[in-house]
Amino acid sequence: MSTLPDVTLAWKWHEPSTVPADEFTATWADLEMTVGSETPLTTVEDRAAGTVRPHTTGSLYPLAEWIAFNWWSLLADARPGTQISQLRFCYRNGVGDQRGAWWVRSRRHVLRAAGGGFHWPDVLFVPEGRQTRIVWIPDGGPTPRPGPRHVARGNLVVGSEALAETFRGFVDAVVARLADWGITGTPLQREWAALADTDEAEAAFCRAAARLGLDPYTEAGPYAAEIVRVVRELPDPLSFDFLNGVAPGRIADQLRWVGRAREVAGQGGQADPAVTELRELCADVRTAFHAPGRLDNAWHLGYELARRVRAWAGVAPTERFETDTLLTHHTEPVPYVDRGLVAYGTRTGAGGPALVSSRSYTERPRRFLEARALCHFLFENGPEFLIAAAHTHRQHVARGFALELLAPARGVAERLGDPSGLVTAEDVEQIAEDYGAGTIVVEHQLDNQVLAQDFPWEPTAPTVFRAPRYPREAAR
């Protein structure tokens, strides 16, 4: 089991310079924010003074207010993860210097938006389910801000519940500080009191609205009835993936599409013996994913599942894996462009395991989608699932599986001969062609595994490969 780093917020109050104090002067402090053993996110370099300090100084009221007013988004809105995923090398080195100005990103997730006249570090919080990704980026760019600058960089995941408790303790402390100085009736105090009075039914609605990318209090009203309908008609985790994937204006359309997809796949079929055998083989990984409190790396779980499937099938790391031998793929198109909800799948379709996609695909993206579906067959407890464009913990497991199933890191390294040497665009394209995978699949494997410093690589003698044990005719 992986141990995720803790997020720590530590502060030292300054005594107000004026009396009576207001909410800003009463909460003036030095603030240090750290993730595990990394350099503090709040590290500030003052070149004019020749100093580097681990904390930023200012009023903590704007930060506490930002957390309170964006509470549900910070807990449940995974949609900014799509932006991270589209930037090169994002899962190793942060989002780089070509990210664009912070104010064009989600102000509900970027700490710098706390504002209040203070220069906060550029930190992005993206909840992915049980885990939350934190990306922090140094000040820079073609026109750097004059004066002291934040210099830390990092990209880590932390436990979502632990992060929520850290945020809650911080806001409680700021609210208590206001009370100590006789300050009442601020927007922060009113909002925090309202959040404390939220019952579970309202909280469930707020989380569902946030997954749609909406503020539950100011934007969810027009969709309230449809949000309730989703939660009522789709069991969890289908409702979780549905809300993380669809556009708010397409809720009714996509609910109808799920109904049609179920009809296309059929229901009540017999479990496929091969899939049943694979589920038994992977039972411990499935248990690790679903066990309360487990916070294993989602990508690594996917890699492990894929290696087991390849070993079970007798397909060598350098050989192509045929993704359509364990499922039937149908297409039920939609008459509009909405790539958020990608496909529906079931292990117990009328003809066995089935995948129904909302659009047709050429070979390489189709194989990636089918690989993601195979992963869901293995790690889902229930028979049904949805594949969404969302970057959540659930979808990351399937993406990691698809990468390793289609282009195993070990096989990519063997095809290169020496992964420590120069890797050309021609190498990537040829490997992708041989595996029947997209070039981005090979690039991700290179970036995240093969070219990593800790990748276990030793040249081996040529391998004699066995034929796969799952020919199409035997799987039907």
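Residues numbered from 1 in each chain as written. Predicted model: local features only at pLDDT ≥ 70, side-chain atom pairs only at ≥ 80, totals over all residues. Heavy atoms only, no water.

Draft legend 1. Spatial organisation of the environment of Thr-198. Among the secondary structure elements, Thr-198 is positioned in the loop between helix 6 (187-196) and helix 7 (200-211). Residue classification places Thr-198 among the buried positions, given a relative accessible area of 17%. For Thr-198, the residues in contact, after removing those within four places along its chain, are Trp-72, Ala-203 and Tyr-217. Polar side-chain contacts of Thr-198 include one of 3.1 Å to the backbone oxygen of Ala-194. Reaching out from Thr-198, the side chain makes a polar contact with the backbone oxygen of Leu-195 at a distance of 3.1 Å. (Helix = DSSP H or I, 4+ residues; strand = E, 2+ residues; numbered from the N terminus. Buried < 20%, exposed > 50% of the residue type's maximum accessible area, 1.4 Å probe, protein only. Contact = heavy atoms within 4.5 Å. Polar contact = N/O pair within 3.5 Å; in protein donor to acceptor, adjacent residues only side chain to side chain.)

Draft legend 2. Region of interest: helix 17 (residues 425-435). Inspection of helix 17 places Val-428, Ile-431, Ala-432 and Tyr-435 among the buried residues, and these make up the whole buried set. On an axial view of helix 17, the arc spanned by its buried residues comes to 100 degrees, and they lie on one face. Residues of helix 17 that are buried make contact with helix 13 (298-313), helix 14 (363-379), helix 15 (393-406), helix 16 (409-416) and helix 18 (439-450). Just downstream of helix 17 lies Gly-436, where phi reads positive at about 70 degrees. (Arc of directions from axis to C-beta.)

Draft legend 3. Focus on the packing of aromatic side chains. Overall, the coordinates contain 10 aromatic pairs when judged by the stated rule. A ring pair is formed by Trp-28 and Phe-118, whose centres lie 5.4 Å apart and whose planes are at 70 degrees; its orientation type is edge-to-face. On the criterion of sequence distance, the pair formed by Trp-28 in strand 2 (residues 28-35) and Phe-118 in the loop between helix 4 (90-93) and strand 6 (122-127) is long-range, its members being 90 residues apart. Aromatic pair Trp-71 and Trp-192: ring centres 5.4 Å apart, planes at 85 degrees, arrangement edge-to-face. Of this pair, Trp-71 sits in helix 2 (residues 71-76) while Trp-192 is found in helix 6, placing the two residues 121 residues apart along the sequence. Every member of this aromatic cluster is reached through a ring pair, and the members are Trp-11, Trp-13 and Phe-170. (Phe/Tyr/Trp six-rings, centres within 6.5 Å; stacked < 30°, edge-to-face > 60°.)

Draft legend 4. Focus on the sheet that holds strand 9 (residues 154-159). With antiparallel pairing, three strands are arranged side by side in an open sheet as 6-7-9. Each edge of the sheet is formed by a strand with only one pairing partner; in this case those strands are strand 6 and strand 9. The sheet shows a mean angle of 20 degrees between the axes of neighbouring strands, taken without regard to direction. Two strands pair when backbone bridges link them, and strand 6 and strand 7 (residues 131-137) are joined in this way by six bridges, in the antiparallel orientation. Looking across to strand 7, one finds that Val-126 is bridged to Arg-133. Along the sheet, helix 5 (residues 160-180) contacts strand 6, strand 7 and strand 9; its crossing angle with strand 9, the most-contacted strand, is approximately 95 degrees. (Pairing = 2+ DSSP bridges. Axes fitted to C-alpha atoms, helices over the stretch in contact; angles between N-to-C directions.)

Draft legend 5. Just the nonpolar core, in detail. Within the largest apolar cluster, 53 residues are counted, with the highest numbers of intra-cluster contacts made by Leu-305, Leu-374, Ile-387, Phe-401 and Leu-405. A total of nine residues in this core trace back to one element, the largest contributor, which is helix 13. Of all hydrophobic cores here, the second largest spans 45 residues; its members include Leu-9, Met-33, Leu-178 and Trp-192. (Core = buried A, V, L, I, M, F, W, Y, C linked by side-chain atoms within 4.5 Å.)

Draft legend 6. Molecular detail of the environment of Ala-78. Residue position: Ala-78 is located in the loop between helix 2 and helix 3 (81-85). Sequence separation between Ala-78 and Arg-133 is 55 residues, and the spatial gap between their C-alpha atoms is 9.5 Å. Ignoring anything within four residues of it in the chain, the contact list for Ala-78 reads Val-126, Pro-127, Asn-244, His-391 and Thr-392.

Draft legend 7. Up close: the sheet that holds strand 12 (residues 352-357). One open sheet holds the four strands; their spatial order is 10-12-11-13, and the pairing between them is mixed. Every interior strand has two partners, whereas the edge strands, strand 10 (328-331) and strand 13 (384-388), have only one. Ignoring which end each strand starts from, the neighbouring axes of this sheet average 20 degrees apart. In the sheet, strand 11 (residues 341-349) pairs with strand 13 via five bridges, with the strands oriented antiparallel. From the neighbouring strand, Tyr-344 faces strand 13, where its bridge partner is Leu-386. Taken strand by strand, helix 9 (residues 238-245) contacts strand 11 and strand 13, and its axis lies near 20 degrees from that of strand 13.

Draft legend 8. Spotlight on the packing of helix 11 (residues 273-281) against helix 12 (residues 283-290). Look at helix 11 against helix 12: their axes get within 4 Å of each other, and the N-to-C directions meet at 65 degrees. Within the contact between the two elements, helix 11 uses Arg-279, Glu-280 and Leu-281 and helix 12 uses Ala-283, Asp-284 and Arg-286. Taken together, the residues of the contact of helix 11 with helix 12 sort by class into two nonpolar, no polar and four charged. (Nonpolar A, V, L, I, M, F, W, Y, C, P; charged D, E, K, R; others polar.)

Draft legend 9. Up close: the pairing of strand 2. Counting buried positions along strand 2 yields six of eight residues, so the element is predominantly enclosed. Pairing analysis gives seven bridges linking strand 1 (residues 7-13) to strand 2, with the strands arranged antiparallel. Within strand 2, the position partnered with Val-7 by the bridge is Val-35. With four bridges connecting them, strand 2 and strand 5 (residues 56-59) associate as antiparallel partners. Following the sheet pairing, Ala-29 is matched in strand 5 by Gly-58.

Draft legend 10. Structural detail: the packing of helix 5 against helix 6. It is at 11 Å that the axes of helix 5 and helix 6 come closest, and there the two elements cross at 130 degrees. Relative to helix 6, helix 5 is oriented oblique. Our pair here, helix 5 against helix 6, has a crossing hand that is left-handed. Contacts between helix 5 and helix 6 pair Arg-168, Val-171, Asp-172, Val-174, Val-175, Leu-178 and Ala-179 from the former with Leu-188, Gln-189 and Trp-192 from the latter. Broken down by class, the residue content of the contact of helix 5 with helix 6 amounts to seven nonpolar, one polar and two charged. (Parallel < 35°, antiparallel > 145°, perpendicular 65-115°, else oblique. Left-handed = near helix turned anticlockwise from the far one by under 90°.)

Draft legend 11. Expanded view of unusual backbone geometry. Each neighbour pair has its own omega, and for Asp-236 with Pro-237 the value is 15 degrees, a cis peptide bond. Locating Pro-237 in the fold gives a position in the loop between helix 8 (224-233) and helix 9.

Draft legend 12. Region of interest: the confidence of the model for the protein chain. Counting all residues, the mean pLDDT for the protein chain is 88, and 89% of those residues have values of 70 or more. Of the regions scoring below 50 in pLDDT, residues 462-467 engages in six contacts with residues more than four places distant in sequence or in other chains. Contacts for the low-pLDDT stretch residues 472-476, under 50 throughout, to residues beyond four places or in other chains number seven contacts. (pLDDT = per-residue confidence, 0-100.)

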